[in-house]
Amino acid sequence: MAILQILQYPDPRLHRVAEPVVSFDQELQRLVSDMAETMYAAPGVGLAATQVDVHRQVLLADTSERHDDLMILINPEILEGKGTSDMEEGCLSVPGIYELVPRYEWIRGRAVDAAGKAFTFEAEGLLAVCIQHEMDHLKGRVFVEYLSRLKQMRIVSKLRKQQRRAG
Ligand code: NI
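Residues numbered from 1 in each chain as written. Predicted model: local features only at pLDDT ≥ 70, side-chain atom pairs only at ≥ 80, totals over all residues. Heavy atoms only, no water.

Caption draft 1: Summary view of the overall build of the protein. Scanning the protein from N- to C-terminus turns up 3 helices and 7 strands. Secondary structure of the protein in N-to-C order comes out as α-β-β-β-β-β-β-β-α-α. Compactness check: the protein gives a C-alpha radius of gyration of 15 Å against a globular reference of 15 Å for 167 residues, within 12% of the reference. Counting only C-alpha atoms, the protein reaches 45 × 35 × 30 Å along its principal axes. Burial statistics for the protein: of 167 residues in total, 46% are counted as buried. Pairs at least 24 apart in sequence give 66% of the contacts found in the protein among residues at least 6 apart. (Helix = DSSP H or I, 4+ residues; strand = E, 2+ residues; numbered from the N terminus. Rg over C-alpha atoms; globule rule 2.2 N^0.38 Å. Buried < 20%, exposed > 50% of the residue type's maximum accessible area, 1.4 Å probe, protein only. Contact = heavy atoms within 4.5 Å.)

Caption draft 2: Quick peek at the pattern of salt bridges. Under the definition given, this model contains 9 salt bridges. In this structure, E27 and R56 form a salt bridge, with 3.5 Å as the shortest nitrogen-oxygen distance. One end of the pair, E27, is in helix α1 (residues 26–41); the other, R56, is in the loop between β1 (46–48) and β2 (58–61), and 29 residues separate them in sequence. Overall, R56 belongs to the partly exposed group, its relative accessible area being 23%. K82 is the salt-bridge partner of E80, the closest N and O atoms lying 3.7 Å from each other. (Salt bridge = Lys/Arg side-chain N within 4 Å of Asp/Glu carboxyl O.)

Caption draft 3: Spotlight on helix α3 (residues 149–165). With 17 residues, α3 should reach 24 Å at 1.5 Å per residue; the first-to-last C-alpha distance of 24 Å fits that figure. Taken residue by residue, α3 has Q152, I155, V156 and L159 as its buried positions. Projected down its long axis, α3 carries its buried residues within an arc of 100°, all on one side. Those residues of α3 that are exposed and angled more than 90 degrees off the buried face are M153, R154, R164 and R165. Immediately downstream of α3, the backbone of G167 shows phi near 80°, a positive value. (Expected span 1.5 Å × (residues − 1). Arc of directions from axis to C-beta.)

Caption draft 4: The arrangement of the side chain of Q132 in detail. With respect to the helices and strands, Q132 occurs in helix α2 (residues 125–138). Overall, Q132 belongs to the buried group, its relative accessible area being 8%.

Caption draft 5: Spatial organisation of the coordination of the nickel ion. Looking at the metal site, the nickel ion is ligated by C91 (SG), H133 (NE2) and H137 (NE2), spaced 2.1 to 2.2 Å from it. Mapped onto the sequence, the residues coordinating the nickel ion show the spacing C-x41-H-x3-H. Of this pair, C91 sits in the loop between β4 (88–89) and β5 (99–100) while H133 sits in helix α2, and the two are 42 residues apart along the sequence. A relative accessible area of 9% means that C91 is categorised as buried. For H133, a relative accessible area of 4% translates into the label buried. (Donors = N, O, S within 2.8 Å, 3.2 Å for Na, K, Ca; no water.)

Caption draft 6: Geometry of the sheet that holds strand β6 (residues 106–112). Strand order in the open sheet formed by 5 strands is β1-β2-β3-β6-β7, and the pairing between neighbours is antiparallel. Edge positions in the sheet fall to β1 and β7 (118–124), since each has one partner strand and no second. Mean inter-strand twist for the sheet, computed between neighbouring axes without regard to direction, equals 35°. By the bridge criterion, 3 bridges tie β1 to β2 in an arrangement that is antiparallel. Across the sheet, residue L47 finds its bridge partner in β2, namely L60. Packing of α1 onto the sheet brings it into contact with β1, β2 and β3 (71–82), and relative to β2 it is tilted by some 40°. (Pairing = 2+ DSSP bridges. Axes fitted to C-alpha atoms, helices over the stretch in contact; angles between N-to-C directions.)

Geometric values such as these leave the question of function open.
What follows is the structure, given as structure tokens:
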């Protein structure tokens, strides 16, 4: 296993659209385990392959307190959504920024697991928000892009300053 580097906004690679996974091979198993290690180490509750510069439709989520409930969603789709979430979200690619963006409060969807087996899922609250956020990453969309241009410009300049300080 390895900890992967997480792309930092506004890196243009965060805007690449991920391709569906077609082969459920060793390489995919390694990607999933490296992503899990990277997400738990960060620590974060979700991670999309896009964020580690792999442009395939793979996302992980674990909103449990004990970090023992890993959800692996490959080629995910949302079939139904209800309600409006009122939860602020953050992102490992946009450190220190927390904002409210439009999300369903409850979702039902389908995906395949790391072995290629199809399943349906339901999620609500934080987990539902997390899955929608990570699915946006797979489409090349970062959550701050829901905000006004002015707010986005402020966020970019704040992050650039942080990145310069970090060298
Ligand atoms: Ni994110």
